Amino acid sequence: MAELLGEHHYQMDPKGRISLPAKFREAFKAGVHLTLGQEGCVYAFPREEWELERRRVREGSLSDRSSRGYSRVFFGNAEHVDLDSQGRMVIPRRLRDKVRLGRDVAVVGVADRLEIWAEEEWARYAEALESSYQAGGLRPERE
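Residues numbered from 1 in each chain as written. Predicted model: local features only at pLDDT ≥ 70, side-chain atom pairs only at ≥ 80, totals over all residues. Heavy atoms only, no water.

> Help me out: how do you make sense of the overall build of the protein chain in this one?
Scanning the protein chain from terminus to terminus reveals 4 helices and 8 strands. In the protein chain, the succession of α and β elements from N to C terminus is β-β-β-β-α-α-β-β-α-β-β-α. Seen along its three principal axes, the alpha-carbon backbone of the protein chain occupies a region of about 45 × 40 × 30 Å. Across the 143 residues of the protein chain, 39% fall into the buried class. By sequence separation, contacts in the protein chain at least 24 residues apart represent 60% of the contacts at least 6 residues apart. Here the protein chain has roughly 8,900 Å² of accessible surface; of this, 47% comes from carbon and sulfur atoms. (Helix = DSSP H or I, 4+ residues; strand = E, 2+ residues; numbered from the N terminus. Buried < 20%, exposed > 50% of the residue type's maximum accessible area, 1.4 Å probe, protein only. Contact = heavy atoms within 4.5 Å. Areas by Shrake-Rupley, 256 points an atom, 1.4 Å probe, with all protein chains shown as cover.)

This is the structure:
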């Protein structure tokens, strides 16, 4: 599996299509699993990573209210889309509306998935986060 890294900026067309970076297209040849992300983005998983995340989410207990809620939002907003012959994917309108994606988008590689952000929202979020990261205030949580 190719690592999905870097920050890329695109313009979404009126049909809701964006191009994936050429170096990522092989990872998404079996399609893209999209769902509502956190902090205001759309998550885009390649099939293999989707299966791993799907299993993690399903491991939550049905008797746990938080697990049920997370599963409902995660799977209830999920869509599978295929890339067209030009390497573009369509982001469904309901997902675009939920995170207020407009014409200018940032596609951010986060190792196992892509995150698709409204460009201005990503710029604000990244600036705040990078300051904390550089100051040593962010650390990965260990399970």
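> Mind showing me how you'd approach the sheet that holds strand β7 (residues 104-111) here?
Through backbone hydrogen bonds, the strands of a sheet pair up, either in parallel or in antiparallel fashion. In space, the 6 strands of this open sheet follow the order β1-β7-β8-β4-β3-β5, with antiparallel pairing throughout. Of all strands in the sheet, those with a lone pairing partner are β1 (4-11) and β5 (79-81), marking the two edges. Neighbouring strand axes in the sheet, compared pairwise and without regard to direction, differ in orientation by 25° on average. With 5 bridges connecting them, strand β3 (residues 32-36) and strand β4 (residues 42-46) associate as antiparallel partners. (Pairing = 2+ DSSP bridges. Axes fitted to C-alpha atoms, helices over the stretch in contact; angles between N-to-C directions.)

> Help me understand the nonpolar core, please; the structure alone is not making it clear to me.
Generally speaking, nonpolar side chains in soluble globular proteins are found buried as a group. Ile18, Phe28, Leu34, Met89, Leu101, Leu114 and Ile116 are the most contacted members of the largest nonpolar core, which totals 22 residues. Of all hydrophobic cores here, the second largest spans 11 residues; its members include Tyr43, Phe45, Phe74 and Ala126. (Core = buried A, V, L, I, M, F, W, Y, C linked by side-chain atoms within 4.5 Å.)

> Just to check I follow, could you spell out the environment of Leu95 for this structure?
Along the chain, Leu95 turns up in helix α3 (residues 93-98). Between the C-alpha atoms of Leu95 and Asn77, which are 18 residues apart in sequence, the distance is 7.4 Å.

> Please clarify how helix α1 (residues 47-58) should be interpreted in this entry.
One turn of the α-helix equals 3.6 residues, which is why residues spaced by three or four share an orientation. In a regular helix each residue adds 1.5 Å, so 12 residues correspond to 16 Å; α1 covers 16 Å between its end C-alpha atoms and thus fits that length. Every buried residue of α1 is listed here: Glu49, Trp50, Glu53 and Val57. Viewed end-on, α1 has its buried residues packed into an arc of 100°, placing them on one side of the element. Tucked inside the fold, the buried residues of α1 contact β3, β4 and α2 (65-76). (Expected span 1.5 Å × (residues − 1). Arc of directions from axis to C-beta.)

> Help me understand the pattern of salt bridges in this model?
Note that side chains of opposite charge can pair when their charged atoms are close. Considering all chains together, one arrives at 10 salt bridges under this definition. For Arg17, the salt bridge is made with Asp13, and the minimal N-O distance between the two is 2.6 Å. Members of the salt-bridge network, linked through shared partners, are Asp112, Arg113 and Glu115. (Salt bridge = Lys/Arg side-chain N within 4 Å of Asp/Glu carboxyl O.)

> What is the right way to look at the packing of α1 against α2 in this model?
When two helices pack together, their arrangement is given by the angle between their axes and by how far apart the axes lie. Where α1 contacts α2, the two axes come as close as 10 Å, and the packing angle between them is 155°. With respect to α2, the axis of α1 lies roughly antiparallel. α2 is crossed by α1, and the crossing has left-handed handedness. In this structure, α1 contributes Trp50, Glu53, Arg54, Val57 and Arg58 to the contact, and α2 contributes Tyr70, Ser71, Phe74 and Phe75. (Parallel < 35°, antiparallel > 145°, perpendicular 65-115°, else oblique. Left-handed = near helix turned anticlockwise from the far one by under 90°.)

> Explain the packing of aromatic side chains here, please?
How two aromatic rings sit relative to each other is set out by the distance from centre to centre and by the angle between their planes. According to the stated counting rule, one finds 10 aromatic pairs in the structure shown. Between Tyr43 and Phe45, the ring centres sit 5.9 Å apart and the planes meet at 80°, which makes this aromatic pair edge-to-face. Residues Tyr43 and Phe45 agree in their burial class; the two are buried. Aromatic pair Trp122 and Tyr125: ring centres 6.1 Å apart, planes at 40°, arrangement tilted. On the criterion of helical spacing, the pair formed by Trp122 and Tyr125 is a turn pair, its members being 3 residues apart in helix α4 (residues 119-134). A network of ring pairs unites the aromatic residues Tyr43, Phe45, Trp50, Tyr70, Phe74 and Phe75 as a single cluster. We note Arg113 situated over the ring of Tyr43; from NZ or CZ to the ring centre the distance is 4.7 Å. (Phe/Tyr/Trp six-rings, centres within 6.5 Å; stacked < 30°, edge-to-face > 60°. Lys NZ or Arg CZ within 6 Å of the ring centre and 35° of its normal.)

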